[in-house]
Amino acid sequence: MALSALEKAVGIPLSHEIVPEVSPEEESPFALPQIDPYSIALQYRPELVSLEDSRKAAEELAKAAAGQARPNIYLQGEVSYYEDEFFPNEDDWNVSIIASWRLYDRGEVKNKIEENKAMARELLARIDDLRNQIRLEVSTAWQNLESALQSVRVAEDQVTIAEEDYRMALRRYVEQVGTNIDVLDARTALTDANTNFVNAIYDAYSSYSDLIYAMGIMDESVFDDLNENEAVNGEVAK
C-alpha cells in the first residue's frame, strides 16, 4: 500500500525491489545533528527571506522618495547632423546640465516617505511574528525527533529482550521443560517487538523530514557542511 502511494505521488511505476528490509540488527537510522536548528531556519526559510527583502525594498523606496525633495541634477547630451548628403561629414554636439529643485509639493513627498516607512515597519512586525512562529515549529519538530529517536532505542532493546525470551522458550521446549504454547507466545512477542521497531524507525524518519521542512532547507548535506565548519572553527580556536 505504501509503495502504491509512493508511485502515485511520483507519477511513475517503481520496482518492488526498492522496498527496504529493516532488521533489528541494524543501527539507528541517524543521530541528532549537532546544529542550531533555529539559526538555520532564520537563514533558509524562504518566506522569512522574502519578507526581509521586501522590508529592505520599502526602506529604499522611502530613501528614494526623500530624494525627490532635494535638488536633482541631470546630465544630457545630444548630437545632430545637418548636411544634405546621406553620410554627413560634420556633426553638432551639445551637452547640457539641468538642475531642478521642487520647492512646494503640498506634502506629496512627505506622504510617500511616511507610506514607505510604515510599510517597512509593518513588514518588520510581520518578520518578528514569523520568527516566533518558526521558533515554535522548529522546537516542536526538534522535540518530536528527540522523542522518536528515543523510541527507536527503546524498540531496539525490546527486540533484544524478545529474541532472548524466544531463544530461552525454544530451548526449554527442546529440553522438554516447556510447552509449545510458551514458544508461540514468545514468537508472537518477538514479532510485535520487530513491528514496533519498524514503526519507530518510520516515526523517526518522519520527524526528521518535519525538522528539515521546519528549517527550510532543501538538501540534507547542509548538516554535514555545518558540522565541518564547526569542526574547523574548533580547531582554529584551539
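So, here's what we can say about the structure. Small disclaimer: the values here were computed from a predicted structure and weren't measured.

**Focus on the environment of K110**
Piece 1. With respect to the helices and strands, the residue K110 is situated in helix α4 (residues 108-174).
Piece 2. Separated by 48 residues in sequence, K110 and A62 place their C-alpha atoms 9.5 Å apart.

**A few points about the packing of aromatic side chains**
Piece 1. In the structure shown here, the tally under the stated rule is zero aromatic pairs.
Piece 2. Against the face of Y38 rests R135, its NZ or CZ located 3.9 Å from the ring centre.

**A look at the packing of α4 against helix α5 (residues 180-215)**
Piece 1. As a packed pair, α4 and α5 sit with axes 7 Å apart at the nearest point and diverge in direction by 165°. Classed by the angle they form, the pair α4 and α5 counts as roughly antiparallel. As α4 runs across α5, the sense of the crossing is left-handed.
Piece 2. Its residues assigned to classes, the contact of α4 with α5 shows 26 nonpolar, seven polar and eight charged.

**A word on the environment of Q143**
Piece 1. When you line up the elements, Q143 lands in helix α4.
Piece 2. Linking Q143 and S207, residues 64 residues apart in sequence, is a C-alpha distance of 9.0 Å.

**Regarding the pattern of salt bridges**
Piece 1. Enumeration over the complete set of coordinates arrives at six salt bridges.
Piece 2. A salt bridge links E47 to R45; the nearest nitrogen and oxygen atoms lie 2.5 Å apart.
Piece 3. Overall, the relative accessible area of 31% leaves E47 in the partly exposed class.
Piece 4. Salt bridges here are not isolated pairs; linked through shared partners, they connect R45, E47 and E137.

**Some words on the nonpolar core**
Piece 1. I134, V152, F197, L211 and M215 are the most contacted members of the largest nonpolar core, which has 34 residues in total.
Piece 2. Broken down by secondary-structure element, the contributors of at least two residues to this core are α2 (37-44), α3 (46-67), α4 and α5.
Piece 3. The leading source of residues in this core is α4, at 15 residues.

**Things to note about the packing of α2 against α4**
Piece 1. Two elements in contact, α2 and α4, have axes separated by 9 Å at closest approach and are oriented at 135°. Classified by the interaxial angle, the pair formed by α2 and α4 is oblique. Here α2 and α4 pass one another in a crossing that is right-handed. Taking contact as the criterion, the partners of P37, Y38, A41 and L42 in α2 are, on α4, R131, I134, R135, V138 and W142.
Piece 2. Residues belonging to the contact of α2 with α4 are distributed by class as follows: seven nonpolar, no polar and two charged.

**Focus: α4**
Piece 1. In this model α4 runs 97 Å from its N-terminal to its C-terminal C-alpha over 67 residues, within 8% of the 99 Å that 1.5 Å per residue would give.
Piece 2. Among the residues trailing α4, Q176 stands out with phi positive, at a value near 60°.

**Topic: the environment of W142**
Piece 1. Here W142 shows up in helix α4.
Piece 2. In the structure, W142 is positioned 105 residues away from P37 in sequence and 8.0 Å away in space, judged by C-alpha atoms.

**Observations regarding unusual backbone geometry**
Piece 1. The residue Q176 is not glycine, and still its phi comes out positive at about 60°.
Piece 2. Position of Q176 among the secondary structure elements: in the loop between α4 and α5.

**Some remarks on a nonpolar patch on the surface**
Piece 1. Together, I73, L75, V95 and I97 make up a nonpolar patch on the protein surface, roughly 510 Å² of accessible area in all.
Piece 2. Mapped onto the nonpolar patch, the elements with two or more residues apiece are β1 (72-80) and β2 (92-100).

**Structural notes on the side chain of N116**
Piece 1. Residue position: N116 is located in helix α4.
Piece 2. Contact partners of N116, with chain neighbours within four places excluded, come to A58, L61, A62 and A65.

Thresholds, definitions, all that
- Residues numbered from 1 in each chain as written.
- Predicted model: local features only at pLDDT ≥ 70, side-chain atom pairs only at ≥ 80, totals over all residues.
- Heavy atoms only, no water.
- Helix = DSSP H or I, 4+ residues; strand = E, 2+ residues; numbered from the N terminus.
- Phe/Tyr/Trp six-rings, centres within 6.5 Å; stacked < 30°, edge-to-face > 60°.
- Lys NZ or Arg CZ within 6 Å of the ring centre and 35° of its normal.
- Axes fitted to C-alpha atoms, helices over the stretch in contact; angles between N-to-C directions.
- Parallel < 35°, antiparallel > 145°, perpendicular 65-115°, else oblique.
- Left-handed = near helix turned anticlockwise from the far one by under 90°.
- Nonpolar A, V, L, I, M, F, W, Y, C, P; charged D, E, K, R; others polar.
- Salt bridge = Lys/Arg side-chain N within 4 Å of Asp/Glu carboxyl O.
- Buried < 20%, exposed > 50% of the residue type's maximum accessible area, 1.4 Å probe, protein only.
- Core = buried A, V, L, I, M, F, W, Y, C linked by side-chain atoms within 4.5 Å.
- Contact = heavy atoms within 4.5 Å.
- Expected span 1.5 Å × (residues − 1).
- Patch = residues over 30% accessible without salt bridge, like charges linked within 9 Å, V, L, I, M, F, W, Y side chains within 5 Å.
- Areas by Shrake-Rupley, 256 points an atom, 1.4 Å probe, with all protein chains shown as cover.

Purely geometric stuff here, so don't read any function into it on its own.
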